[in-house]
Amino acid sequence: MAQSLKAKMIIDKSFRIAEVDKRIYGSFIEHLGRAVYGGIYEPSHPLANESGFRSDVKELVKELDVPIIRYPGGNFVSGYNWEDGVGPVADRPKRLELAWRTVEPNEIGTNEFFQWTREVGSEVMMAVNLGTRGIDAARNLVEYCNHPGGSYWSDLRRSHGVEQPHKIKTWCLGNEMDGPWQIGHKTMHEYGRIALEAAKVMRWVDPDIELVACGSSNTGMTTFPEWEAVTLDHTYDAVDYISLHQYYGNRDNDTENFLALTMDLDHFIHTIKSTCDYIKAKKRSKKTMMLSFDEWNVWFHSNEADSKMEPWQIAPPQLEDIYTFEDALLVGSMLITFLRHADRVRMACLAQLVNVIAPIMTENNGRAWKQTIFYPYMHASRFGRGVSLMPVVNSPKYDSKDFTDVPYLDSAVVYNEENEELTIFAVNRNLNDALELNCDVRSFEGFEIVEHLVMESDDLKATNSAAEEKVAPRSGGSAKLDSGIVSANLNKASWNVIRLAKK
Ligand code: AHR
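Residues numbered from 1 in each chain as written. Predicted model: local features only at pLDDT ≥ 70, side-chain atom pairs only at ≥ 80, totals over all residues. Heavy atoms only, no water.

On a plain count of helices and strands, the protein comes out with 11 helices and 25 strands. Over its C-alpha atoms the protein spans a radius of gyration of 23 Å, differing by no more than 12% from the 23 Å that the globule rule assigns to 503 residues. Taking the principal axes of the C-alpha coordinates as reference, the protein spans close to 70 × 60 × 45 Å. The buried share of the protein, taken over its 503 residues, is 60%. Contacts in the protein between residues at least 24 apart in sequence constitute 78% of all its contacts with a sequence separation of at least 6. When the accessible area of the protein is evaluated, it comes to approximately 19200 Å², of which 48% is carbon and sulfur surface. Charged side chains of the protein number 54 positive and 72 negative; the gap between the two group centres comes to 4 Å. (Helix = DSSP H or I, 4+ residues; strand = E, 2+ residues; numbered from the N terminus. Rg over C-alpha atoms; globule rule 2.2 N^0.38 Å. Buried < 20%, exposed > 50% of the residue type's maximum accessible area, 1.4 Å probe, protein only. Contact = heavy atoms within 4.5 Å. Areas by Shrake-Rupley, 256 points an atom, 1.4 Å probe, with all protein chains shown as cover. Lys, Arg positive; Asp, Glu negative; His and termini not counted. Charge placed at Lys NZ, Arg CZ, Asp CG, Glu CD.)

This is the structure we're talking about:
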């Protein structure tokens, strides 16, 4: 018989970490695989609107309530001429796309993507090419997008039928420039210099923009975290955020170790915070650098298929990971980690949004469907807005191959003061036993349980498909509230969302 483990938690209104910046529920669309063509855009699809955008995909994006979407890459951006993607579509060139070895038709570009983000109620986080291009192309793009008119590039936009400036606020200074796979890969000094000079003139064009400098591509880079220290030494005063990227996989089929990977994520964020603060101290600066975790997810299922792909196709299936139930648990834990770092992680982009390592999948000319990871992402985005509170947790722990003292209970708490709602997000990492949770919420007088959502499966490898949704949350978890104590059974290997609100 399964034995029950006990975990204790105290939540108090005054244990505030920070107001959650809703942009931590951002995502990413790259010109890669079927993300754009066959994903958000498929003019021949029966559900496409007059602009060629699939309305079924738009509805799913709206369900996720995605506040910001990074575009157009990714590795793609480091070889991209943004001018190829504006103006009459018939005149746009088809280009060899070297990052992913495909052909880019340029049917969708800056203006179309901006329009799509408006249709789904989101904002654009725009990346500029600091690989093959540089300062000039970057400042021209800011002028094209954000300047009202009366100059060459802004009038060009107007001549393309876009009278009002897009006013794009958030700009990434290149992508993963530390990686040898990047077109135009740079040393840390080279990147620090070009990022500083690009930042300077982009802000001269539009002083209202916010800028994100590239951090390390992942913690395994040999230049990590020296890259951050050196590049920030150049750019500290000129930028607002440093980026972090991290993908995880369960290549050894060791789920206990896989679910513990947020220990690594937590360590990564701590390291970057400390590196930023070291440069802050060195520069005697008053400014605190914020973190933009602008690529994160599970990514490994599709690696082998991708290595066999025929090059130079338009929109072939690439990076089409089909996610399992256990992947959804890790995605939930990653969101929990960001919430616990809400004081510094101000943006985060689930990479990516449609078809490419994505929560939303499509069939060409067919159905759109939800992967397992759709659900924890949707729950966090919908219910995780407010103040992130620091729960005091006492949980039994385990050791895995790479980690020691991993708490079975992984949790974050968000208090929405305006709506008088409290949400507890919790993963039970124990693969065999339930966790009996006892949670003190006495500072929330007059609150009651609204619902306890649970996602669980007897099969850690269960996946969804267009035909069948095997993994989905259900309401009706066991949470009860009595005299200010929430008690709940968190089933083995489960994702839980316990929602309370004032009566
Ligand atoms: O998201 C897929 C790829 O992962 C991006 O293009 C790149 O930035 C990262 O290596």
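It is worth spelling out the site of the ligand at this point. Neighbouring residues of the ligand: 13 residues in total, closest E30, N75, E176, Y247 and E295. One of the side-chain nitrogen or oxygen atoms of E295 is found 2.6 Å away from an oxygen atom of the ligand. In the model, an oxygen atom of the ligand is placed 3.0 Å from a nitrogen or oxygen of the Q352 side chain. For the ligand, whose unbound accessible area comes to 290 Å², protein coverage reaches 95%. Each residue belonging to the shell around the ligand can be placed in one class, and the counts come to 6 nonpolar, 4 polar and 3 charged. (Near = heavy atom within 4 Å. Polar contact = N/O pair within 3.5 Å; in protein donor to acceptor, adjacent residues only side chain to side chain. Nonpolar A, V, L, I, M, F, W, Y, C, P; charged D, E, K, R; others polar.)

Here we come to unusual backbone geometry. Of note, the bond from Y71 into P72 is cis; its omega dihedral lies within 30 degrees of zero at 0°. Note the cis peptide between A351 and Q352, where omega equals 0°. Mapping Q352 onto the fold places it in the loop between β12 (345-351) and β13 (360-362). The phi dihedral of K167 falls on the positive side, at around 50°, and the residue is not glycine. Among the structural elements, K167 can be located in the loop between α4 (152-159) and β8 (170-173). Its identity is not glycine, yet W312 carries a phi of approximately 65°, on the positive side. By the element assignment, W312 lies in the loop between α9 (303-307) and α10 (325-340). The exposure class assigned to W312 is partly exposed, which follows from its relative accessible area of 35%.

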